[in-house]
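Residue-level listing of the chains:
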Amino acid sequence: MPPSAATIAAVTRAYLARHPTERAKLEPLLAMLASEPAPTSRTTLPAHITCSAVVINREQQVLHIHHKVTGLTLCPGGHGEESDTSLLATAMREVTEEAGIPPEALCLVPQLLAQPVDIDLNDIDPNPDKGERTHQHYDFRFAFYLADAATPETALHAEEVTGCEWRPFEQVTSPSLRAKLSPAGLDGRPEPVNASVLIHDGNGRYLLHLRDAFDHIWAPGEFSLLGGGREPQDRTLEDTLRGELTEEAPGLELGALEPLVVEQVIGADGLCVPVQVYTARWAGDPDAVGLTEGVLLRWFTPDMLHRLRLRTSTRDLLLAHAAQTRDSAAVRPPAPRPPHRPAATAGAGLRRAVPSDAGELTRLRLVMLASAGTVPEREWSGECERWFADRLAGDERFAAFVIDDGTRLLSCAVAQCTDHMPRPGQGPYVGHIASVATDPAHRRQGHARRVVAAVHDWLTAHGCGQINLTASPDAEELYRSLGYRDPAGPTPLTWSAR
């Protein structure tokens, strides 16, 4: 159902509170919203509402579309549809339809959140083919940042669009929008707009919140960390978190909050949401906190997590925290450390691993094992690091590819090439892909796809006519999208001494 006139009027008034000099321009809009029940319908004349997406990359450039019918170069945008539940949803849909950029590749800007950066009034020429006479558009423009540092490839809607380009702020087509971008401090770099807290009691228990099973909320019917989204009045994300706890669990009073990681999740509206995760220690009774939202709060130990309906990223985060805080009899995943690397590898990018990456590869492998509930013995970490270093130094049939941000490895995949018994129609070697792991704070950014594609290409270039791997349920879709299938022929079996 489209947004109501009252909802749009509230958005407009909030916009005018930030831009009071535009009241004269928008007073007719408020009058229309007071009397017109369908302000987003294109049949509402002499004016109706449209929406545009202002997509900003890291270079402070804005996506513009070349429209075939009008010949104009504008930000992606258009009319609302019955399925659009908000003006923001219309803008998101338009950028997907016109430029092929999906919602999960976008995130809200922290300065504006879901509020428009600009509302402009445009005169529209008559269109006899559609039976439209001269009218006006009140265009609500919503700003988005790209979730990933790399500017994505576009898949243009050929029936309506002839091309696209990224323009710097000073060359943005709309004067009204152009005047607002730089003063708004929009730098194109995502920041956390949500906050959550990993609460533990110091004795191996973690507090989880069972959410309501409502379709319109994020993670319905799942266990999750407590937290929520930033509000315009919040000065800091710690304010956001403590405000959410006061509303959801007023009896839950936490002491010091320690930043843990920033992770990216997909929100209920499909957008990427950077979340600042904190840790806090508390050992109280969950039934005594006066829970006002959700179903219940309960303590759980790591060995119980596989029985819960829980996001994979949350489970991995809890298991990694448990592995790092376990007593000295267990291996703790080492803290990230910048290995000695050539200067050319600085910045987040794909490259082949070198021997000095062995410690970071071991850390990522420990994260992967922790997500499966496995904690190796104390000596294993050193053995693993030496094994990686030896093979990276001198084994021509071994390679690892990594995503490196200049200070740590974000993701990795390992390839091994072995001799293959001669078989008609196949190459002389068989490849194996293993140890595919991504740091929990950097998942859902395409890193795993890039490293797996790199090791695949390396193996095929070395003559591997067959490549094997073991897929976890969460990664199966990725591997199948890259062409991996169930093996044909006799049923594969294995034997292990353990």
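Note that the structure is predicted; figures quoted are calculated from it, not measured. (Residues numbered from 1 in each chain as written. Predicted model: local features only at pLDDT ≥ 70, side-chain atom pairs only at ≥ 80, totals over all residues. Heavy atoms only, no water.)

In this section: the packing of aromatic side chains. A complete count under the given rule lists 6 aromatic pairs for this structure. Seen from their ring centres, Trp387 and Phe388 are 5.4 Å apart, and the 75° between their planes marks the pair as edge-to-face. Given the relative accessible area of 32%, Trp387 is considered partly exposed. Relative to Phe398, the ring of Trp387 has its centre 5.4 Å away and its plane inclined at 85°; by these criteria the two rings are edge-to-face. Remark: Phe398 occurs in strand S17 (residues 398-404) and Trp387 occurs in helix H8 (residues 380-394); sequence separation between them is 11 residues. Aromatic ring contacts, followed pair by pair, group Trp387, Phe388 and Phe398 into a single cluster. (Phe/Tyr/Trp six-rings, centres within 6.5 Å; stacked < 30°, edge-to-face > 60°. Buried < 20%, exposed > 50% of the residue type's maximum accessible area, 1.4 Å probe, protein only. Helix = DSSP H or I, 4+ residues; strand = E, 2+ residues; numbered from the N terminus.)

For Glu477, the position within the fold is in helix H10 (residues 476-481). Glu477 gets classed as exposed once you look at its relative accessible area, which sits at 68%. Taking the C-alpha atoms as reference points, Glu477 and Trp458, separated by 19 residues in sequence, lie 21 Å from one another.

Turning to the nonpolar core, a few remarks are in order. Counting residues in each nonpolar core, the largest one holds 36 residues, and the members touching the most others are Leu29, Ile49, Val55, Leu106, Phe140, Phe142 and Phe144. Broken down by secondary-structure element, the contributors of at least two residues to this core are helix H1 (5-18), helix H2 (23-35), strand S1 (47-56), strand S2 (61-67), helix H3 (87-99), strand S5 (106-108), strand S7 (135-146) and strand S8 (161-168). Not counting chain neighbours up to four residues away, the residues in contact with Phe142 comprise Cys51, Ser52, Ala53, Val54, Leu87, Leu88, Ala91, Ala114, Gln115 and Pro116. (Core = buried A, V, L, I, M, F, W, Y, C linked by side-chain atoms within 4.5 Å. Contact = heavy atoms within 4.5 Å.)

Read across the sheet, 5 strands follow the order S16-S17-S18-S19-S20 without closing on themselves; strand pairing throughout is mixed. The open sheet has two edge strands, strand S16 (349-352) and strand S20 (464-469), and neither has a second partner. For this sheet, the mean angle separating the axes of adjacent strands, direction not counted, is 20°. Against the sheet, helix H7 (residues 358-371) makes contact with S17, strand S18 (409-419) and strand S19 (429-438), and its axis sits at roughly 95° relative to S18, the strand it touches most. The sheet strands contacting helix H9 (residues 447-461) are S16, S17, S18, S19 and S20, and the helix crosses S18 at an angle near 20°. (Pairing = 2+ DSSP bridges. Axes fitted to C-alpha atoms, helices over the stretch in contact; angles between N-to-C directions.)

The next point concerns H9. Here H9 contains 15 residues, and its C-alpha end-to-end distance of 21 Å stays within 8% of the 21 Å for a straight helix at 1.5 Å per residue. Every buried residue of H9 is accounted for by His447, Val451, Val452, Ala454, Val455, Trp458 and Leu459. Taken end-on, H9 shows its buried residues confined to a sector of 155°, consistent with a single buried face. On its buried face, H9 sits against S16, S17, S18, S19, S20 and H10. (Expected span 1.5 Å × (residues − 1). Arc of directions from axis to C-beta.)

Enumeration according to the criterion identifies 27 salt bridges in this entry. With a closest N to O distance of 3.2 Å, Glu165 and Arg167 form a salt bridge. Arg167 gets classed as buried once you look at its relative accessible area, which sits at 19%. Here Asp486 and Arg480 are joined by a salt bridge, their closest N and O atoms 3.0 Å apart. Arg480 sits in the partly exposed class, given a relative accessible area of 30%. A cluster of three or more residues bridged by salt bridges with shared partners is formed by Glu22, Lys25, Asp118, Asp120, Asp139, Arg141 and Lys180. (Salt bridge = Lys/Arg side-chain N within 4 Å of Asp/Glu carboxyl O.)

Geometry of a packed helix pair, given as the angle between the helix axes and the separation of the axes. At a minimum axis distance of 8 Å, the contact between H7 and H8 shows a crossing angle of 130°. For the element pair H7 / H8, the angle class is oblique. Considering the relative orientation of H7 and H8, their crossing is right-handed. Of the residues in H8, those touching H7 at Ala358, Gly359, Leu361, Thr362, Arg365, Leu366 and Leu369 are Trp380, Ser381, Cys384, Glu385, Phe388, Ala389 and Leu392. In the contact of H7 with H8, the residues fall into 9 nonpolar, 3 polar and 2 charged. (Parallel < 35°, antiparallel > 145°, perpendicular 65-115°, else oblique. Left-handed = near helix turned anticlockwise from the far one by under 90°. Nonpolar A, V, L, I, M, F, W, Y, C, P; charged D, E, K, R; others polar.)

Let's shift gears to the side chain of His137. With respect to the secondary-structure elements, His137 resides in strand S7. At 3.4 Å, the side chain of His137 and the side chain of His79 are in polar contact. Reaching out from His137, the side chain makes a polar contact with the side chain of His135 at a distance of 3.2 Å. Not counting the four nearest positions on each side in its chain, His137 is found in contact with His48, Thr50, His79, Asp120, Leu121, Asn122 and Ile124. (Polar contact = N/O pair within 3.5 Å; in protein donor to acceptor, adjacent residues only side chain to side chain.)

So far we have only geometry, and geometry alone does not tell us how the molecule works.
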